[in-house]
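Analysis of the macromolecular model
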Amino acid sequence: MTLKNKTALVTGGAGYIGSHCLLSLKEAGWDAVVIDNLSTGHKEAVLHGELIVGDIGDGGLLDEIFTTNTIDAVLHFAASVYVGESVRDPAKYYRNNTVNGLTLLEAMARHDVKNLVFSSTCAVYGVPERIPIDEDHPKNPISPYGYSKMVFERMATDFSRSSGIRPVFLRYFNATGADPEGRLGKDCEQEEQLVPLVLQTVLGKRDSLTIFGSDYPTADGTGVRDYVHVSDLASAHILALEYLANGGEPGAFNLGNGAGHSVRELIKTVEEVCGKPVNTIDGPRREGDPATLIGSSEKAFKTLGWSPKYADLKTIVETSYRWSLAHPNGY
């Protein structure tokens, strides 16, 4: 089934991953309608489609969008995304990620829009019982962020039974990198993710980088994560749309490279790419952070035909560094 001349509603499309996905939609021949309240997104990042400034918690606005556009699928990125912040301010996460997500599902049901690709997270698994983590791993989140995403997955699954919505849940591991062509990157006004923080330190925007936890049961005592390039995540969303268009069953897919890198290993890679040392300080562990998160993406490889193009850690860091050099003040 051809996907050209279709239209996707992209929630949170002015954000980091959503904006990269818009580029992939354009390349695949999809039109896009973007809704974003610009609380963390940037209108300059919307390089494809029509931007509507608004909130997915506004059911009336969603009704207007679905009424005035023929929406063939929803790509749902709009969310608050920082584990640490979710521990400090859980209400924000349950309101934005869960309550507002319910409003979106209700609007889809009212307007008979079936296909949904959801930006989920490996945080739904919590502390892993086995490595690598596959989709059948028990879900036991340890942060409000992870819980909020897990609850949306459950809600969408329930809506699939009651309203025929067909959800695909893409559970990202650590999203990082920037568009290899330099068109988009990660704006760092509010940042808790490691690669942007390391680069801010290298570029002199921070005096030092705090390593949260140096006593984990890992090879060097620091947390281990599976880093996946944002453009590879974007390509997976197009494959998920094709999968749904061809009658694929609703389900979840992990998106990671299957390789773990420690915090110190990542810092060393940044130092090699940038040719500068990173001043670090050892700090306490953060609540909500497991020691190791490495995913198995075999299901995505076999079922969606997904194959990451930018799996090498040095390549991922290089794309982020080029973006940071070209956009020292973000968008």
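Residues numbered from 1 in each chain as written. Predicted model: local features only at pLDDT ≥ 70, side-chain atom pairs only at ≥ 80, totals over all residues. Heavy atoms only, no water.

1. Points about the environment of G223
Note on placement: G223 falls in the loop between β8 (209-212) and β9 (224-225). Along the backbone, G223 and P180 are 43 residues apart, and their C-alpha atoms lie at a distance of 27 Å. Discounting chain neighbours no more than four positions away, the residues touching G223 are G213, Y216, H261, S262, V263 and A291. (Helix = DSSP H or I, 4+ residues; strand = E, 2+ residues; numbered from the N terminus. Contact = heavy atoms within 4.5 Å.)

2. Structural notes on the sheet that holds strand β3 (residues 50-53)
Across the sheet, seven strands lie side by side as β3-β2-β1-β4-β5-β6-β11; this open sheet has parallel pairing. What marks the edges here is a single partner per strand, and that holds for β3 and β11 (251-255). Within this sheet the neighbouring strands show an average axis-to-axis angle of 20°, counted without direction. With five bridges connecting them, strand β1 (residues 7-11) and strand β2 (residues 31-36) associate as parallel partners. Paired with T7 across the bridge in β2 is D31. (Pairing = 2+ DSSP bridges. Axes fitted to C-alpha atoms, helices over the stretch in contact; angles between N-to-C directions.)

3. A short note on the packing of aromatic side chains
In the structure shown here, the tally under the stated rule is six aromatic pairs. Arranged with centres 5.7 Å apart and planes meeting at 85°, the rings of Y243 and F253 form a pair that is edge-to-face. Of the two residues, Y243 is situated in helix α7 (residues 230-245) and F253 in strand β11; the sequence distance between them amounts to 10 residues. For Y243, a relative accessible area of 17% puts it in the buried group. An aromatic cluster of at least three residues, connected via ring pairs, comprises F118, F152 and F169. The positively charged end of K186 is found above the aromatic ring belonging to Y16, 5.0 Å away from the centroid. Sitting above the plane of the F253 ring, K299 keeps its charged end 4.8 Å from the centroid. (Phe/Tyr/Trp six-rings, centres within 6.5 Å; stacked < 30°, edge-to-face > 60°. Buried < 20%, exposed > 50% of the residue type's maximum accessible area, 1.4 Å probe, protein only. Lys NZ or Arg CZ within 6 Å of the ring centre and 35° of its normal.)

4. Things to note about the environment of K186
In this fold, K186 is placed in the loop between β7 (174-176) and α6 (194-202). Taking relative accessible area as the criterion, K186 reaches 14% and is therefore assigned buried. Taking C-alpha positions, K186 is 15 Å from L47, a pair spaced 139 residues apart along the chain.

5. Quick notes on the pairing of β2
Taken across its six residues, β2 has five buried, putting it largely inside the fold. Each parallel crossover has a hand, and for β1 linked through helix α1 (residues 16-28) to β2 it is right-handed. Pairing between β2 and β3: four bridges, direction parallel. Within β3, the position partnered with D36 by the bridge is V53. (Right-handed = clockwise from strand over helix to strand, strands pointing away.)

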